[in-house]
Amino acid sequence: MWPVSSFDSKPGQPITNVMFLKTHKTASSTILNILYRFSEKHNLTVALPSSWNFHLGYPRYFRATFVEEFKTIGRNFNIMCNHLRFSLPEVRRVMPNDTFYFSILRNPIALLESSYVYYKNLPGFRNSKNVNEFLSSPWSYFNTSEKNSNYHARNNMWFDLGYDNNAVYDEDYVQSTIQDIEQNFQLMLLADYFDESMILLKHTLCWDLDDVVYFKLNSRSLDSVQRLTPESQDKVKEWCALDWKLYQHFNNTFWRKIQEKMDLKTLYEEVKLLQKRQKELMDVCLLEETGINGNKIKDKKLKPYQSGQAKILGYNLKDNLDNVTLKVCQKLILPELQYMAYLYSHQFPNKRRKPIDFPKD
């Protein structure tokens, strides 16, 4: 039994009570889409942000009252996956005892570059010309007193997990925190091995292949990616030492968990099946072979939110898709804000809709 819950997986029975901590710039928007689609397939109740809010209180610590209709629905939610800053006692007020907890991490070097471009307008990043200049002297730009705006600039995963991203590195503190995280989460996926992560998730939750098939969401065009120098890459390991240690630890446990489920030959056979299914759906659904810049998206209700200097890609669907196919394809490419607004309108039809346009059924 896991200390966090009385989670008990039965062979062949899909797990339907799931809490996903949506970390930032870690391919978590793609997982959110997977979880939203799963919730619709099984007619599950999602813990959605209340009123006109887009996140569950982030960057404040999560509170149960941030969830729409928490006081009415109580602990009968099945899925929680919107951005929040983790607080286990408050999450447990919302989610049932047998909930499965998981999250996703990313190599801090790639993560910091992504954060820099996406959150360029935040104080920590705003006054430097590029990510290498920022990393050459981060304390020149970063101010710990600006707690409400600088969490994306240093140890962002540590912060999302509910800890102090500016804590002084101390081996005992880091190890005890990692033990806490292992108590709270049954699984940590890796954005750097996303397809392998999806196969591990599929096996762990007893889901079908189509439950974890995906189109990449909230990704950037290559021309908005900045190249880090070797010196900058080394600096990230020092500047984000808490995240670096976290990532190293769960990189090891990730591969151990895979070995508990299957050998590598089986893993990569399943990865191939996932990629084959993904390609089949892309061929059916998409007008272009890859994601396209937001300004080229024909249906503005399918355009992803744009931020900082990042050029966030989206998709155009093929014309003349039949209604059933159109619905499947639309859900695969629906950006997270539109999907959240869509689910909210269906889950709470008598409440005022969130101020985001989404495609009608």
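Residues numbered from 1 in each chain as written. Predicted model: local features only at pLDDT ≥ 70, side-chain atom pairs only at ≥ 80, totals over all residues. Heavy atoms only, no water.

**Focus: the environment of Asn251**
Mapped onto the elements of the fold, Asn251 is located in helix H12 (residues 241-261). C-alpha separation for the pair Asn251 and Leu105, spaced 146 residues apart in sequence, amounts to 8.8 Å. Discounting chain neighbours no more than four positions away, the residues touching Asn251 are Leu190 and Tyr193. A distance of 3.0 Å separates polar atoms of two side chains, one belonging to Asn251 and the other to Trp255. (Helix = DSSP H or I, 4+ residues; strand = E, 2+ residues; numbered from the N terminus. Contact = heavy atoms within 4.5 Å. Polar contact = N/O pair within 3.5 Å; in protein donor to acceptor, adjacent residues only side chain to side chain.)

**Digging into the nonpolar core**
Counting 98 residues, the largest nonpolar core has Met80, Val94, Phe102, Leu189 and Met198 as its most contacted members. Considering every element that reaches this core, the biggest residue donor is helix H15 (residues 336-347), with seven residues. Excluding anything up to four places from it in sequence, Leu189 contacts Ile31, Phe102, Ser103, Ile104, Leu105, Ser197, Met198, Leu200, Leu201 and Phe254. The next biggest cluster of nonpolar side chains, apart from the first, holds 19 residues, and it includes Val117, Tyr118, Ala153 and Leu228. (Core = buried A, V, L, I, M, F, W, Y, C linked by side-chain atoms within 4.5 Å. Buried < 20%, exposed > 50% of the residue type's maximum accessible area, 1.4 Å probe, protein only.)

**Notes on helix H13 (residues 264-285)**
Within an α-helix, residues lying three or four positions from one another point in the same direction, as the helix has 3.6 residues per turn. When the terminal C-alpha atoms of H13 are compared, their 31 Å separation across 22 residues agrees well with the 32 Å that a helix rising 1.5 Å per residue should span. Listed in full, the buried residues belonging to H13 are Leu267, Glu270, Val271, Leu274, Gln278, Leu281, Met282 and Cys285. Buried residues of H13, viewed axially, fall in a sector of 120°; they line one side. Opposite the buried face of H13, by more than 90 degrees, sit the exposed residues Lys265, Lys272, Leu273, Lys276 and Lys279. Residues of H13 that are buried in the fold lie against helix H9 (194-205), helix H10 (209-212), H12 and helix H14 (323-333). (Expected span 1.5 Å × (residues − 1). Arc of directions from axis to C-beta.)

**Topic: unusual backbone geometry**
For the bond running from Tyr58 to Pro59, omega is 10°, close enough to zero to count as cis. With a phi close to 55°, Ser51 is a non-glycine residue in the positive phi region. Mapping Ser51 onto the fold places it in the loop between helix H1 (28-41) and helix H2 (70-73). A positive phi angle is found at Asn320, which is not glycine, with a value near 60°. Here Asn320 shows up in the loop between strand S6 (313-314) and H14. For Asn320, a relative accessible area of 80% gives the class exposed.

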